[in-house]
Amino acid sequence: MKKILIALLSIICLIGFSGKVSAADKTSLVLSQSFDTSQIPKEVTVGTSGKFSAPYKGDTKSYDLNIETIFSVSADESSILSVLPNGEWQALKPGTVELGYTFKIPQASLDKYPDLEISIQEVCIYSIIEVKPKDDSGTPAVINVPVQSTSEPTVKIKEPSIAPTAPTATTTKPTTTAAPVGAVAKTNYKSKRLTSIAFTALSLSALTILSIIGYKIRKTI
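The structure reproduced in this document is the subject of the present report. Computed from a prediction, not measured in an experiment: that's the story for all the values here.

**A short note on the sheet that holds strand β3 (residues 49-51)**
What the three strands build is an open sheet, ordered β3-β6-β5; its pairing is antiparallel. Looking along the sheet, the strands with just one partner apiece sit at the ends: β3 and β5 (81-83). The average undirected angle you get between the axes of adjacent strands in this sheet is 20 degrees.

Now the structure itself:
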């Protein structure tokens, strides 16, 4: 019985020791979120498309992991700039988006290093991209299917210009008040009558003077 117990303890110790040896043989590798974003444009135009490129540039300690960069935008911003995980993009309407980066390691690369333990730093890396409206000349779209822009055209309301009104020339005509025909005739008649009376008075005065002169002459003689 003692021999059986000793044998079981020996097996348990052997298994535990082999597990420690296996864990000690594992190599740790910490990968940071580091990408070469020098080829990422700062702005694109509505109606254009392409493919982003941002190779992973973190330290892999000489391990050939064939790391692939994964691109993404938020659900709200996907209506402005549509982005697939492989980097293919399509500008839909004007706006600003945050292009996020992460990466993945193909299973084939992990299988090459079974004793490699990989840890990934959880850090958010992104770039700001502005999507501008198409100019008046029209930028040719690279995509095969035309994309209808949802942006409403800007309507400019131009206030009508009011030309200064030239002052109206007012011609004032002299007002002539015509006298009634009867009044004119009456005036002419009165004028003739006065003339006649004056002539008669003058005649009488002349005769009186002549009479007085004649009387004095006769008296003197």
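Still more to cover.
**Observations concerning the pattern of salt bridges**
All told, the structure shown has four salt bridges when counted by the stated rule. With its nearest N and O atoms 3.8 Å apart, the salt bridge here joins Lys-104 to Glu-68. On the criterion of sequence distance, the pair formed by Lys-104 in strand β7 (residues 95-104) and Glu-68 in strand β4 (residues 68-72) is long-range, its members being 36 residues apart. Given a relative accessible area of 34%, Glu-68 falls into the partly exposed group.

**Describing the packing of aromatic side chains**
For the coordinates displayed, the defined rule picks out eight aromatic pairs. Where Phe-35 meets Tyr-56, the ring centres are 5.8 Å apart and the plane angle is 80 degrees; that geometry is what we call edge-to-face. Separated by 21 residues along the polypeptide, Phe-35 in the loop between β1 (27-31) and β2 (43-45) and Tyr-56 in the loop between β3 and β4 bring together distant segments of the chain. Residue classification places Tyr-56 among the buried positions, given a relative accessible area of 14%. Relative to Trp-89, the ring of Phe-52 has its centre 5.5 Å away and its plane inclined at 20 degrees; by these criteria the two rings are stacked. Linking Phe-52 in the loop between β3 and β4 with Trp-89 in strand β6 (residues 88-91), this pair joins segments that are 37 residues apart in sequence. In this structure Phe-52 comes out as buried when scored by relative accessible area, which is 4%. The class of Trp-89 is buried, set by a relative accessible area of 12%. An aromatic cluster is present here, built from Phe-35, Phe-52, Tyr-56, Phe-71, Trp-89, Tyr-101 and Phe-103 joined pairwise through their rings.

**Some remarks on a nonpolar patch on the surface**
Side chains of Leu-204, Leu-207, Ile-209, Leu-210, Ile-213 and Ile-217 sit close together on the surface and give an oily, nonpolar patch of about 600 Å² of accessible area. Within the secondary structure, Leu-204 is located in helix α3 (residues 181-220). The class of Leu-204 is exposed, set by a relative accessible area of 52%.

Conventions adopted
- Residues numbered from 1 in each chain as written.
- Predicted model: local features only at pLDDT ≥ 70, side-chain atom pairs only at ≥ 80, totals over all residues.
- Heavy atoms only, no water.
- Pairing = 2+ DSSP bridges.
- Helix = DSSP H or I, 4+ residues; strand = E, 2+ residues; numbered from the N terminus.
- Axes fitted to C-alpha atoms, helices over the stretch in contact; angles between N-to-C directions.
- Salt bridge = Lys/Arg side-chain N within 4 Å of Asp/Glu carboxyl O.
- Buried < 20%, exposed > 50% of the residue type's maximum accessible area, 1.4 Å probe, protein only.
- Phe/Tyr/Trp six-rings, centres within 6.5 Å; stacked < 30°, edge-to-face > 60°.
- Patch = residues over 30% accessible without salt bridge, like charges linked within 9 Å, V, L, I, M, F, W, Y side chains within 5 Å.
- Areas by Shrake-Rupley, 256 points an atom, 1.4 Å probe, with all protein chains shown as cover.

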